[in-house]
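# Structural features, examined
The primary structure of each chain is shown beneath.
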Amino acid sequence: MSKRSEIIADFMAKLSVDPALRRRFKDDPSSLKDESGLSDEELELLAGGGPDQVLEALGGDATVNCCVLFTGEES
Amino acid sequence: MAQGRLTVVGTGYNVAGQVTPEALTCVQRAERLFYLVSDPATGAWLKSQNASAEPLHHCYREGEPGQAACERMVERILAAVRAGHEVCAAFYGHPAICVPPGLESLRRARQEGFPAQMLPAISFEDCLFADLGVDPGTHGRILCEATDFLLRPRRFDPTASLILLQVGAIGLVHFREDTTPNRAGFRLLARALRQQYPESHQVALYRASQLPILEPSIVWIPVSELPEAPLSTNSTLYVPPLPRRPLDQEMLTRLRQAMSEV
Amino acid sequence: MQQGSLVVVGTGFLVAGQVTPESLASMRAADQLFFLVAEPATRLWLESLFPAAESFNDLFWDGRSRQAAYDEIVERLLVPVRQGKDVCAAFYGHPGVFVYSSHAAVRQARAEGFAAQMLPAVSAEDCLFADLEVDPAASGCQSFEATDFLVRGRIVDPHSALILWQIGALGVTTYHLRELWNAGGLAILVEALCRVYPPSHPAVVYEATHYPVCDPLIQRTTIAGIPDCQVNTHSTLWVPPIARAPLDAEMARQLGLSV
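Residues numbered from 1 in each chain as written. Chains lettered and ligands numbered in written order. Predicted model: local features only at pLDDT ≥ 70, side-chain atom pairs only at ≥ 80, totals over all residues.

Looking only at helices and strands, chain B has 9 helices and 10 strands in total. Per-residue burial for chain B yields a buried fraction of 49% across its 262 residues. Excluding contacts between residues fewer than 6 apart, the proportion of contacts in chain B whose partners are at least 24 apart in sequence is 64%. (Helix = DSSP H or I, 4+ residues; strand = E, 2+ residues; numbered from the N terminus. Buried ≥ 20, exposed ≤ 12 C-beta atoms within 10 Å, placed from the backbone. Contact = placed C-beta atoms within 7 Å.)

Written out as structure tokens, the structure reads:
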């Protein structure tokens, strides 16, 4: 995992506990430059992209849907 | 003037223990905090987090329909939003589930042009699934408020889990300080269930623990003994599923063929 | 009671934002922590707090039977419990909702004489109710896994709301890395739903967000329009009721309610 993706993940955790900070980010991503430790480009990418872009910035390792239940077995 | 905003959050069922971090931030930072919770410990804790905290339960009046109290609560919340404040409204459990002022204050705020959002929270069902060891994904789950279940009968799948909310308060549409459950209404429910399930089918009367020192209340009894079972106004009834129907192999094959055709 | 215990907790859906204090406390108190999360930010956050934590993500690979993965999770959890350790397992969302291994592990631990508990967490439904702003208790709510709905002849009443999970994974039992696992199956799903609802009846294809910088994906369509939506393995279908069911006047009378 690269240092950049660790910093991005850290920023995600910070935003995840603070809805007001999320709104500040949405209104003006670059205003969180100091709080995030990220560049203007990285902040713009996170603000403008969808979940796929965020996932890619985080290193792309997503084992999603691991817990889909239907197993096709009689039980 | 600053623009008002509303965030509606839930506190779950364990004082501070089930409040999500994002909800806690809203609770602490709000300029005006309103709350409706079901135990005094949670109320005291909310006051400790935000000195502006105002209880909403005073909006209830003895003998009045619940709808009137809801209207009163929504109006108090909206007045603060209109005054330009950052407002947080905190409700027990999950604020969308069976808590009319939760969704109503959200809708009204937005209707009046204010930004408003609801954050997810731990519901009574989340507690039930954890305490009873039930996965609603395995057999499916039907959730219904008990009075609604009786007043507006519908077909339902008895091979799915059935969860009935507020079984101790059937037909009680007016607020009362008295917390005696409605035994007569509950007997009608028991009779309705005996038409769908065998007499020996084990069901659970459940109440989530609301304090860290208490265990949840779980009483398993057969359907036949339901009418006189111990009951509280905040009891939930869990009815496990009947054995499910056999797998429709033809449908499964069709689905798999559709997959490979793409 | 023997030494060794198991606590199963959930991390919700928003990195750190929905991890409750009681869950975090259980993670901190454990001798050994395992986790299964759906995306890397949550994993990194967990690993920063708990460097010795072990991930279960490596148990899933393209083409592996999910049942085999689930059984392996149970066994991996029980081994340290039997060694007398206090073990904690963290799953994304609610650990007991659409997660086979968690309840099985708690039951197995208790059967072997160990203390075991599950703590509640924010579930996918909790996010759906908040994001779509709907009350499941208003008209009742029926909730099924989409394949199960089709292959078990599920009875559905259109006077209550309906939730179908995993509409993008119809008929699939193995794990895949692709985004949408059965696009063709959606037509079959629509056919089944049209036996209950008019094709023009509203429906919502919903996907919760895992990231605080993204909004949930909410596509408002009709029953007939489902296959034209962006559907993937995270997609959930919400169908509002067509109307309230008719009142049973006799029951109202017996309950002492005026009609």
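Our next topic: the interface of chain B and chain A. Interface size, as often reported, equals the accessible area lost upon joining of the parts. Each partner contributes residues to the interface: chain B has 9 residues there, and chain A has 7 residues. Of all the secondary structure elements, the ones that give two or more residues to the side of chain B that touches chain A are helix H1 (21–29) and helix H6 (136–139) of chain B. Across the side of chain B that touches chain A, the residue classes tally to 3 nonpolar, 4 polar and 2 charged. (Nonpolar A, V, L, I, M, F, W, Y, C, P; charged D, E, K, R; others polar.)

As a further point, take the interface of chain C and chain B. The partner chain B presents 62 residues to the 69 residues of chain C that form the contact. Among the elements that line the side of chain C that touches chain B, the one with the most residues is strand E6 (residues 141–145) of chain C, at 5 residues. Its residues assigned to classes, the side of chain C that touches chain B shows 36 nonpolar, 21 polar and 12 charged. Where strand E6 (residues 141–145) of chain B and E6(C) come together, 3 bridges link them in antiparallel fashion. Paired with Ile142(B) across the two strands is Gln142(C), which belongs to E6(C). (Pairing = 2+ DSSP bridges.)

This paragraph deals with the domain arrangement of chain C. Parsing chain C into structural domains produces domain 1 (5–118) and domain 2 (124–239). Computed from C-alpha coordinates alone, the two centres of domain 1 of chain C and domain 2 of chain C are separated by 27 Å. (Domains from an automatic or database assignment.)

In the contact formed by helix H1 (residues 3–16) of chain A and helix H2 (residues 40–49) of chain C, the axes pass within 9 Å of each other and the chain directions differ by 90°. The pairing of H1(A) with H2(C) is recorded here as roughly perpendicular in orientation. Between H1(A), through Glu6(A), Ala9(A), Met12(A) and Ala13(A), and H2(C), the contact on the second element is made entirely by Pro40(C), Ala41(C), Leu44(C) and Trp45(C). Split by residue class, the contact of H1(A) with H2(C) holds 7 nonpolar, no polar and 1 charged. (Axes fitted to C-alpha atoms, helices over the stretch in contact; angles between N-to-C directions. Parallel < 35°, antiparallel > 145°, perpendicular 65-115°, else oblique.)

Taken in spatial order, the 10 strands line up as E9(B)-E8(B)-E10(B)-E7(B)-E6(B)-E6(C)-E7(C)-E10(C)-E8(C)-E9(C) in an open sheet, and their pairing is mixed. Two strands in the sheet have a free side with no partner beyond their single neighbour: strand E9 (217–222) of chain B together with strand E9 (217–222) of chain C. Across this sheet, the average inter-strand angle for adjacent strands is 20°, counted without regard to direction. In terms of strand pairing, E6(C) meets strand E7 (residues 161–165) of chain C through 5 bridges, oriented parallel. Of the residues in E7(C), the one forming a bridge with Gln142(C) is Leu162(C).

Take the nonpolar core next. With 183 residues, the main nonpolar core has Ile77(B) and Leu6(C) as its most contacted residues. For this core, the element with the highest residue contribution is helix H3 (residues 66–82) of chain B, accounting for 7 residues. Among all residues touching Ile77(B), those that are not within four sequence positions of it are Leu6(B), Phe34(B), Val87(B), Ala89(B) and Ser105(B). (Core = buried A, V, L, I, M, F, W, Y, C linked by C-beta atoms within 7 Å.)

Further remarks concern the domain arrangement of chain B. Structurally, chain B comprises domain 1 (5–118) and domain 2 (124–239). Using C-alpha coordinates to define each centre, domain 1 of chain B is positioned 26 Å away from domain 2 of chain B.

Another point: helix H2 (residues 40–49) of chain B. Residues and elements named next belong to chain B. When H2 is considered as a whole, its buried residues turn out to be Thr42, Gly43 and Leu46. On an axial view of H2, the arc spanned by its buried residues comes to 100°, and they lie on one face. Of the exposed residues in H2, those oriented more than 90 degrees away from the buried face are Pro40, Ala44 and Ser48. Where H2 is buried, its residues meet H1, strand E2 (32–36), strand E3 (54–55) and strand E4 (86–91). (Arc of directions from axis to C-beta.)

We now examine the packing of H3(B) against helix H4 (residues 100–111) of chain B. Residues and elements named next belong to chain B. The N-to-C vectors of H3 and H4 enclose an angle of 40°; their axes lie 9 Å apart at closest approach. Classified by the interaxial angle, the pair formed by H3 and H4 is oblique. In this structure, H3 crosses over H4, and the sense of that crossing is right-handed. For the pair H3 and H4, contact is made by Cys70, Met73, Val74, Ile77, Leu78 and Val81 and by Pro100, Pro101, Glu104, Ser105, Arg108 and Ala109, respectively. In terms of residue class, the contact of H3 with H4 is built from 9 nonpolar, 1 polar and 2 charged. (Left-handed = near helix turned anticlockwise from the far one by under 90°.)

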